[in-house]
Amino acid sequence: MSAYDRRDLGLLLLRLGTGGVLAAHGTQKLFGWFGGGGIEGTGQFMESVGYRPGKSNATLAGLAEAGGGTLLALGLATPAAGAAAAGAMSGATAVHTPNGFFNAGGGYEYAATLGLAALGLAVSGPGRLSLDHALGHVFDRGWMVPAALAATAAGTAVVVGMRTKRVREEREGKQETLFEEEYSG
């Protein structure tokens, strides 16, 4: 087996694994499959963590994960698919960052790993064992990588930035109790 064959097989495995996990996560959000909350439940969760409106954000995240994941697994429109999935995972990473790195403590480890894998695939391309290759790379041109990454980065920065501002404002509006007082009147 040549180095090129190994590289293409490795990219296929990475695409199938990363894309499959992302697609499953997206269908949890969109349809409630695999124990997910569907649009309604995920929308309520999104609202609770500062992504408003919740249903719209749940739909966008679900489409980015399910659509991006499916396209990554197929190796089709790889720059856009990887960028969309990485953007969704950036939003998830923002939610989990206060809990530290490790997933066991509710941290961002898992979301960041999925996002980085999707980003790596967007940049590296799908390999020869892909629909992009079979179709002559019509949806995987060199200029599409920076365009997809720039568009996703801009959109993600706006959405995550608005969420961060909301969360900060809500925290500042709540004053912590400094002293417990007992009133015996």
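A brief look at the structure comes next.

## So, unusual backbone geometry
A cis amide bond links Arg52 to the next residue, Pro53, at an omega of -5 degrees. Secondary-structure assignment places Pro53 in the loop between helix 2 (38–48) and helix 3 (54–74). Of note, Phe34 is a non-glycine position whose phi angle comes to about 55 degrees, a positive value. If you trace the backbone, Phe34 turns up in the loop between helix 1 (3–31) and helix 2. The phi dihedral of His137 is positive, around 60 degrees, even though this residue is not glycine.

## What about the packing of aromatic side chains?
Evaluation of the coordinates by the stated rule reveals four aromatic pairs. Between Trp33 and Phe34, the ring centres sit 6.5 Å apart and the planes meet at 85 degrees, which makes this aromatic pair edge-to-face. The class of Trp33 is partly exposed, set by a relative accessible area of 47%. When its relative accessible area of 60% is taken as the criterion, Phe34 is described as exposed. Taken together, a centroid distance of 5.0 Å and an interplanar angle of 80 degrees make the contact between Phe101 and Phe102 edge-to-face.

## Concerning the environment of Arg128
The residue Arg128 is located in the loop between helix 5 (109–124) and helix 6 (131–134) in this model. Once the C-alpha coordinates of Arg128 and Leu116 are considered, the two residues, 12 residues apart in sequence, prove to be 21 Å apart. Beyond its immediate stretch of four places on either side in the chain, Arg128 contacts Tyr4, Asp5, Asp8 and His133.

## What to know about the side chain of Thr27
Within the secondary structure layout, Thr27 lies in helix 1. Assessed through its relative accessible area of 10%, Thr27 is described here as buried. From its side chain, Thr27 meets the backbone oxygen of Ala24 in a polar contact 2.9 Å long. When near neighbours in sequence (up to four residues on either side) are disregarded, Thr27 contacts Gly32, Trp33, Phe34 and Ala66.

## Things to note about the packing of helix 3 against helix 4 (residues 78–96)
At a closest axis distance of 8 Å, the pairing of helix 3 and helix 4 adopts a crossing angle of 140 degrees. As summarised for this structure, helix 3 and helix 4 are arranged oblique, according to the angle between their axes. For the pair helix 3 and helix 4, the crossing hand works out as left-handed. Counted together, Ala61, Ala64, Glu65, Gly68, Leu71 and Leu72 of helix 3 and Thr78, Ala81, Gly82, Ala84, Ala85, Ala88 and Met89 of helix 4 form the full contact between these two elements. Residues of the contact of helix 3 with helix 4, tallied by class, amount to nine nonpolar, three polar and one charged.

## Notes on the packing of helix 1 against helix 5
Where helix 1 contacts helix 5, the two axes come as close as 10 Å, and the packing angle between them is 135 degrees. Taken together, the axes of helix 1 and helix 5 are oblique relative to one another. For the element pair helix 1 and helix 5, the recorded crossing hand is left-handed. Counting all contacts with helix 1, which are made through Arg7, Leu11, Leu14, Arg15, Thr18, Val21, Leu22 and His25, the residues of helix 5 involved are Tyr110, Leu114, Ala117, Ala118, Leu121 and Ser124. In terms of residue class, the contact of helix 1 with helix 5 is built from nine nonpolar, three polar and two charged.

Cut-offs applied
- Residues numbered from 1 in each chain as written.
- Predicted model: local features only at pLDDT ≥ 70, side-chain atom pairs only at ≥ 80, totals over all residues.
- Heavy atoms only, no water.
- Helix = DSSP H or I, 4+ residues; strand = E, 2+ residues; numbered from the N terminus.
- Phe/Tyr/Trp six-rings, centres within 6.5 Å; stacked < 30°, edge-to-face > 60°.
- Buried < 20%, exposed > 50% of the residue type's maximum accessible area, 1.4 Å probe, protein only.
- Contact = heavy atoms within 4.5 Å.
- Polar contact = N/O pair within 3.5 Å; in protein donor to acceptor, adjacent residues only side chain to side chain.
- Axes fitted to C-alpha atoms, helices over the stretch in contact; angles between N-to-C directions.
- Parallel < 35°, antiparallel > 145°, perpendicular 65-115°, else oblique.
- Left-handed = near helix turned anticlockwise from the far one by under 90°.
- Nonpolar A, V, L, I, M, F, W, Y, C, P; charged D, E, K, R; others polar.

Coordinates in, geometry out; function isn't part of it.
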